[in-house]
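Given next are the chains, with one letter for each unit.
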Amino acid sequence: MAKNIVILNGSPRRKGNTSALVQKFTEGTESVGNKVTEFFLDRMEIHGCKGCFGGHSSRECPCVQKDDMSQIYPAVKACDVVVLATPLYYWNMSGQLRTAIDRLFALEEGDGNLLRGHDRAGALLMAAEGNGFEDVLTYYDHLMTHLNWKNLGHVLAGGNGDIGDILGKAQLEQAYELGKSIQ
């Protein structure tokens with residue numbers, strides 16, 4: 001049975017190395033019949049979480065803030081897999097992605113938890129100039145545990161400072177295979 005996959009792309013570069021990983025992952029997962037919805041977060045208006053605990057998960061837009069998260073909430077509610085795609089910034093995910101993750105908390109508030117569990121899975125795609133992925137992997141692993149999502153794994157592509165540095169590297173094939181493995 002086909003899976004519904006949401007990709008939260010936290011790169012500011014539309015044609016950068018992270019986006020190359022996303023493209024190969026998408027090719028792989030669509031080759032086995034899965035449906036992909038990608039959100040390019042840098043082009044969206046997403047405000048930081050206010051920590052107000054005013055959200056209600058059952059509402060169409062569960063957060064009190066009205067911004068482009070209203071496009072993401074229904075997609076995440078309906079998906080089987082969430083892929084976090086990001087460059088490595090200061091040993092963590094980009095601010096664009098972290099802000100969206102923080103705002104997903106509204107799906108845990110109020111009328112029922114619509115984020116944790118629900119037979120969802122997650123994956124991580126990362127490109128970086130260096131190779132210091134340890135801290136972000138700790139966060140990602142904790143996030144998967146907290147959400148009770150199956151951890152499908154990650155593709156970590158270091159040594160990619162300039163746009164296009166990733167071309168021809170093994171991590172692109174790894175992203176394709178990770179996408180293809182979701183069935």
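Below is a summary of the structure that appears in this document. Owing to the predicted nature of the structure, the values given are computational and were not obtained by experimental measurement. (Residues numbered from 1 in each chain as written. Predicted model: local features only at pLDDT ≥ 70, side-chain atom pairs only at ≥ 80, totals over all residues. Heavy atoms only, no water.)

1. Some thoughts on the overall build of the protein
- Assigned secondary structure in the protein consists of five helices and five strands.
- Each helix (α) and strand (β) of the protein, taken in turn from the N terminus, gives the series β-α-β-α-β-α-β-α-β-α.
- The C-alpha atoms of the protein give a radius of gyration of 16 Å, which matches the 16 Å a tight globule of 183 residues would have.
- Its C-alpha atoms give the protein principal-axis dimensions of about 45 × 35 × 25 Å.
- Scored against the burial criterion, the 183 residues of the protein give a buried share of 49%.
- Residue pairs at least 24 apart in sequence account for 76% of intrachain contacts in the protein once pairs closer than 6 positions are excluded.
- Accessible area for the protein stands at about 8,700 Å²; split by element, carbon and sulfur atoms hold 48% of it. (Helix = DSSP H or I, 4+ residues; strand = E, 2+ residues; numbered from the N terminus. Rg over C-alpha atoms; globule rule 2.2 N^0.38 Å. Buried < 20%, exposed > 50% of the residue type's maximum accessible area, 1.4 Å probe, protein only. Contact = heavy atoms within 4.5 Å. Areas by Shrake-Rupley, 256 points an atom, 1.4 Å probe, with all protein chains shown as cover.)

2. A short note on unusual backbone geometry
- A positive phi angle, near 45 degrees, is found at Y90, a position not held by glycine.
- Mapped onto the elements, Y90 comes out in the loop between β3 (81-87) and α3 (95-103).
- On the accessibility criterion, Y90 (75% relative accessible area) is exposed.
- Positive phi values are uncommon outside glycine, yet W91 reaches one of about 65 degrees.
- Counting through the fold element by element, W91 comes out in the loop between β3 and α3.

3. Concerning the pattern of salt bridges
- One pass over the full model with this rule turns up four salt bridges.
- Here R103 makes a salt bridge to D67, at a shortest N to O gap of 2.7 Å. In this pair, R103 is assigned in helix α3 and D67 in the loop between β2 (35-40) and α2 (69-78), connecting sequence segments 36 residues apart.
- Since its relative accessible area comes to 7%, D67 is described here as buried.
- In this structure, the salt-bridge partner of R116 is E108, at a minimum N-O distance of 2.6 Å. (Salt bridge = Lys/Arg side-chain N within 4 Å of Asp/Glu carboxyl O.)

4. Focus on the sheet that holds strand β1 (residues 4-9)
- Taken in spatial order, the five strands of this open sheet run β2-β1-β3-β4-β5, and their pairing is parallel. Of all strands in the sheet, those bounded by a partner on one side alone are β2 and β5 (150-157). Each neighbouring strand pair of the sheet contributes to a mean axis angle of 15 degrees, computed without reference to strand direction.
- Sheet topology places β3 next to strand β4 (residues 121-127); seven bridges connect them, and they run parallel. Counted as the bridge partner of A85 is L125 from β4.
- Its contacts with the sheet place helix α1 (residues 17-30) against β1, β2, β3, β4 and β5, and it is angled at close to 175 degrees to β1.
- This element, α2, spans β1, β2 and β3 of the sheet and lies at about 140 degrees to β1. (Pairing = 2+ DSSP bridges. Axes fitted to C-alpha atoms, helices over the stretch in contact; angles between N-to-C directions.)

5. So, the packing of α1 against helix α5 (residues 170-180)
- Direction vectors running N to C along α1 and α5 enclose 40 degrees, while the axes themselves pass 6 Å from each other. Remark: the crossing between α1 and α5 carries right-handed chirality. Each of A20, L21, K24, F25, E27, G28 and T29 in α1 lies in contact with α5, whose residues at this interface are Q171, L172, A175, Y176, L178, G179 and K180.
- Here the contact of α1 with α5 is composed, by residue class, of seven nonpolar, four polar and three charged. (Left-handed = near helix turned anticlockwise from the far one by under 90°. Nonpolar A, V, L, I, M, F, W, Y, C, P; charged D, E, K, R; others polar.)

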